[in-house]
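# Structural overview for review
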Amino acid sequence: MNYTFANRICGLKPSAIREIFKYAADPEVVSLSAGNPAPDAFPAKELAEISERLMRENPVLALQYGLTEGYLPLREELKKYMKEDYSIGRDFDELIITSGAQQVMDLLTKSLVNEGDEIVCEAPSFIGSLNTFRSYGAKLLGVPMDEDGMNMEALEETLKTHQKVRFIYTIPTFQNPSGITMSLEKRKKLYEIAKKYGVLILEDNPYGELRYRGETLPTIKSMDEDGIVVYAGSFSKVISPGMRVGWFVAPKEVAQKMVVCKQGSDVHSNMWSQVLCYEFMTKYDFKGHLEFLRQLYSKKAEYTMNLLRENLSDKITFGEIDGGLFIWCTLPEDVDMPQFCMDAVKNKVCVVPGTAFLADENSVSHNFRINFSTPTDEQLKKGIEILGRLSKTL
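Notes on the structure in this doc start here.

When helices and strands are counted, the chain shows 14 helices and 14 strands. For 394 residues, the compact-globule estimate of 2.2 N^0.38 gives 21 Å, and the C-alpha radius of gyration of the chain, at 21 Å, lies within 12% of that figure. The dimensions of the chain, computed from C-alpha atoms along their principal axes, are 60 × 60 × 55 Å. Counting over 394 residues, the chain shows a buried share of 56%. Relative to all contacts within the chain whose residues are 6 or more apart in sequence, the contacts with residues 24 or more apart total 76%. Carbon and sulfur atoms provide 50% of the accessible area of the chain, an area that totals close to 17,600 Å².

Glancing now at the pairing of strand S2 (residues 93–98). In terms of residue burial, S2 counts as a mostly covered element, since five of its six residues are buried. Pairing between S2 and strand S9 (residues 246–251): six bridges, direction antiparallel. Paired with Thr98 across the strands is Gly246, a residue of S9.

In terms of nonpolar packing, the biggest core is built from 119 residues, with Leu74, Phe133, Leu155, Phe167, Phe235, Phe368 and Leu387 touching the most fellow members. If you tally residues by element for this core, the top one is helix H12 (residues 286–311), at nine residues. The contacts of Leu387, once residues within four sequence positions are left out, are Leu32, Leu312, Phe340, Ala344, Val349, Val351, Phe368 and Ile370. Core analysis: the next-biggest nonpolar cluster, separate from the first, contains five residues, Ile127, Trp328, Ala356 and Phe357 among them.

Attention shifts here to the side chain of Ser183. Examined against the element boundaries, Ser183 turns out to sit in the loop between strand S6 (165–170) and helix H9 (184–197). Residue Ser183 is classed as buried on the basis of its relative accessible area of 18%. In contact with Ser183, not counting residues within four places along its chain, are Asp148 and Leu217.

Another aspect to go through is the packing of H12 against helix H14 (residues 377–391). Relative orientation of the contacting elements H12 and H14 amounts to 25°, with a least axis distance of 9 Å. Compared by their axis directions, H12 and H14 come out roughly parallel. The crossing of H12 and H14 is right-handed. Residues Lys300, Tyr303, Thr304, Leu307, Leu308 and Asn311 of H12 touch H14, and the partners they reach there are Asp377, Leu380, Lys381, Ile384, Glu385, Gly388 and Ser391. Tallied by class, the residues present in the contact of H12 with H14 amount to five nonpolar, four polar and four charged.

Scoring rules and cut-offs
- Residues numbered from 1 in each chain as written.
- Predicted model: local features only at pLDDT ≥ 70, side-chain atom pairs only at ≥ 80, totals over all residues.
- Heavy atoms only, no water.
- Helix = DSSP H or I, 4+ residues; strand = E, 2+ residues; numbered from the N terminus.
- Rg over C-alpha atoms; globule rule 2.2 N^0.38 Å.
- Buried < 20%, exposed > 50% of the residue type's maximum accessible area, 1.4 Å probe, protein only.
- Contact = heavy atoms within 4.5 Å.
- Areas by Shrake-Rupley, 256 points an atom, 1.4 Å probe, with all protein chains shown as cover.
- Pairing = 2+ DSSP bridges.
- Core = buried A, V, L, I, M, F, W, Y, C linked by side-chain atoms within 4.5 Å.
- Axes fitted to C-alpha atoms, helices over the stretch in contact; angles between N-to-C directions.
- Parallel < 35°, antiparallel > 145°, perpendicular 65-115°, else oblique.
- Left-handed = near helix turned anticlockwise from the far one by under 90°.
- Nonpolar A, V, L, I, M, F, W, Y, C, P; charged D, E, K, R; others polar.

Okay, structure coming up:
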């Protein structure tokens, strides 16, 4: 049979990261390409206790249909958490539970974007979100990154010259893949520019709780007095990605449209997972768990950066990070980055080529991304030593 696919799907390509996972399945390959939490980061004992008690005392709560907007006690707890810890939530806002933060990108795009409309993204940016935007026929406009976040002059020039921008997508804290954190000055400037041009901001913050050092910066959503910021949060990096629980805070008018879209997508998010997240937040030491994660990843990040300093030739540079799960490495412009990544795979270590994260798939990147949260210390040492040997041949 000849299969005819929708126009919006024909131009999509498989995720480069998922394709690299095929190589990483080889047990001899050291994978520095994933973005998974460390295996010992999960509160498995506590979640098992909650699950056993839930199935014994109130199984129908977990097994029955739920509200599209989410499990009400979890929503109320998250509203409190967002307000107290992030100064997020105005009278015009609503908080809705989603199936991971990825669904926030999907629902907002579905609600706002017609085919041919434009979305401004950081360049580079998270490939999962970029592919979601592409799936709705959006045109992606990449804005280059400085050491302290998106270049504001380039952003304003983009908005001046493009009339169909529906929203600006940003990961301002420990950005994936670059690890860059947007400065407070630029956060304020981004808000001002978006307000000036009447464009929404989609603020994605999956790594905000994972700061190891330095000063915590206010979210862009905390500055929102005009109803122009949609905030995406997630439990994926702090409890479990497999449970698929995220949330968004958005102006009520926008949230209502996203809820309607969600009803046509998955009806509601997993009830069992939502109850577990609520119970863990309220009956266990959630903030103590966050501090444990910070200490765990701080050690792994410093260990990894020390290995990079000791092993890489001076032809490869990398950005020092204060949080998050990724390190962004830069090759000289005269080095073939895709070939370097392929040579790494042939030598049994996987990294992600920077081209995977570009809004313009025809652009050139001289970067690759390393993840340090998933590999063991032994694997990190082995993998980075291999990269070091390769770097000395450049």
